Amino acid sequence: MEEKQSSLLHNISKVISDFFNPLVSLILFFVYMSIRQYNFKDSILYFLPILLMIIVPVIIWLVWNVKTGRYTNMDVSNRVQRKTLYIFIASCVISYLLFNYIRNGYIDLVMLFILVLLFALQISNLFIKSSMHTAFNVFVAALFFSLNWKMGIVWLGIAALVGITRIILKRHTVKEVFMGAGIAFLVSFIYLYCNIQFQH
């Protein structure tokens, strides 16, 4: 009976962890933001470059590296393997930031802070393997909070749930989850402060 409950908890944790991975959480935010702030044409013009320059290349990179055996799994739980993932994602984000600046004449604040978060996690990875799942979901909570505080609170709950699942699945220790959350809270606070400043 206890083994059955443990297996059920593991399966539920896997579903939550897989669904609320950083890419899916960010896609959900961008869709929400597009619907809330743009008409259909403008939301396509905003989201399509992000999809083609960041999301699709990162998915292809992950699948290719897992298939060739360079990464153990899609989560890239191995600390050493994670280095190339951070570099690849950062390259995609920098490419998008340059493209957006040339096309629209402004720096995309959300993407800039995603890049800051990536660099902070990369530095942390030299010492401790911080939870990317937890970090990105905490940051996504801040992104939602900047548009709708109720959604921000809901997503903060999701981030906590994701952190717990990472421990249950033994992908991270409690220390690694707290480290990811701590880094994300710091980056999120700076993002929210800058977001408020640019609105005034």
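Residues numbered from 1 in each chain as written. Predicted model: local features only at pLDDT ≥ 70, side-chain atom pairs only at ≥ 80, totals over all residues. Heavy atoms only, no water.

Novice: Any details on the overall build of the protein chain? Residues and values, ideally.
Specialist: Helix and strand counts for the protein chain stand at eight helices and zero strands. When its helices and strands are written in sequence order, the protein chain yields α-α-α-α-α-α-α-α. In terms of C-alpha radius of gyration, the protein chain reaches 17 Å, essentially the compact-globule figure of 16 Å for 200 residues. The dimensions of the protein chain, computed from C-alpha atoms along their principal axes, are 55 × 40 × 35 Å. Relative to its full complement of 200 residues, the protein chain shows a buried share of 46%. Looking at the protein chain alone, contacts between residues at least 24 apart form 69% of all its contacts between residues at least 6 apart. As presented, the protein chain carries roughly 11100 Å² of accessible surface, and 72% of it is formed by carbon and sulfur atoms. (Helix = DSSP H or I, 4+ residues; strand = E, 2+ residues; numbered from the N terminus. Rg over C-alpha atoms; globule rule 2.2 N^0.38 Å. Buried < 20%, exposed > 50% of the residue type's maximum accessible area, 1.4 Å probe, protein only. Contact = heavy atoms within 4.5 Å. Areas by Shrake-Rupley, 256 points an atom, 1.4 Å probe, with all protein chains shown as cover.)

Novice: Residues and numbers for the packing of helix 4 (residues 79–104) against helix 5 (residues 109–125), please.
Specialist: Interhelical geometry of helix 4 versus helix 5 gives an angle of 160° and a closest axis separation of 10 Å. As judged from the angle between their axes, helix 4 and helix 5 are roughly antiparallel. For the element pair helix 4 and helix 5, the recorded crossing hand is left-handed. Of helix 5, the residues touching helix 4 (which contributes R79, R82, K83, Y86, I87, I89, A90, V93, I94, Y96 and L97) are M111, L112, I114, L115, L118, L121, Q122 and N125. (Axes fitted to C-alpha atoms, helices over the stretch in contact; angles between N-to-C directions. Parallel < 35°, antiparallel > 145°, perpendicular 65-115°, else oblique. Left-handed = near helix turned anticlockwise from the far one by under 90°.)

Novice: Got a sec to walk through the layout of surface pockets? Specific residues and values, please.
Specialist: One number sums up the size of the largest pocket: a volume of about 510 Å³. Taken together, 28 residues line the largest pocket, and the ones lying closest to its centre are N21, P22, L23, V58 and L62. Of all the secondary structure elements, the ones that give two or more residues to the lining of the largest pocket are helix 1 (2–19), helix 2 (22–37), helix 3 (40–67), helix 4, helix 5 and helix 6 (132–147). By volume, the second largest pocket is sized at about 310 Å³. Q37, L109, V110, Y191 and N195 are the residues nearest the centre of the second largest pocket, which is lined by 16 residues in total. Of all elements in the fold, only helix 2, helix 5, helix 6 and helix 8 (174–199) reach the threshold of two or more residues within the lining of the second largest pocket. Among the elements that take part in the lining of the second largest pocket, helix 8 stands out by supplying four residues, more than any other. Among the residues making up the lining of the second largest pocket, the classes are represented as eleven nonpolar, four polar and one charged. (1 Å grid on protein atoms, 1.4 Å probe; cavity = no way out; pocket = protein on both sides within 12 Å on 5 of 7 lines; lining within 4 Å. Points joined across faces, edges and corners; volume = space filled by probe spheres on them. Nonpolar A, V, L, I, M, F, W, Y, C, P; charged D, E, K, R; others polar.)

Novice: For the side chain of H172, give the residues involved together with the corresponding values.
Specialist: Within the secondary structure layout, H172 lies in the loop between helix 7 (149–168) and helix 8. Note on H172: relative accessible area 5%, which makes it buried. There is a polar contact of 3.4 Å between the side chain of H172 and the backbone oxygen of K129. When near neighbours in sequence (up to four residues on either side) are disregarded, H172 contacts R82, K129, S130, S131, M132, R166, I167 and V177. (Polar contact = N/O pair within 3.5 Å; in protein donor to acceptor, adjacent residues only side chain to side chain.)

Novice: Help me get a handle on the nonpolar core, residues and values and all.
Specialist: If you look at the biggest cluster of nonpolar residues, it comprises 54 residues, and the most contacted ones within it are F29, F30, V93, M111, I114 and L117. Only helix 2, helix 3, helix 4, helix 5, helix 6, helix 7 and helix 8 provide two or more residues apiece to this core. For this core, the element with the most residues is helix 6, which contributes ten residues. (Core = buried A, V, L, I, M, F, W, Y, C linked by side-chain atoms within 4.5 Å.)

Novice: Mind laying out a nonpolar patch on the surface, listing which residues take part and the relevant values?
Specialist: Together, I94, L98, Y101, I102, I107, L112, V116 and F119 line one region of the surface with nonpolar side chains, adding up to about 770 Å² of accessible area. Sorting the residues of the nonpolar patch by element identifies helix 4 and helix 5 as the ones contributing at least two each. Top element by residues in the nonpolar patch is helix 4. It accounts for four residues. Here L112 is to be found in helix 5. Owing to a relative accessible area of 30%, L112 belongs among the partly exposed residues under this scheme. (Patch = residues over 30% accessible without salt bridge, like charges linked within 9 Å, V, L, I, M, F, W, Y side chains within 5 Å. Salt bridge = Lys/Arg side-chain N within 4 Å of Asp/Glu carboxyl O.)

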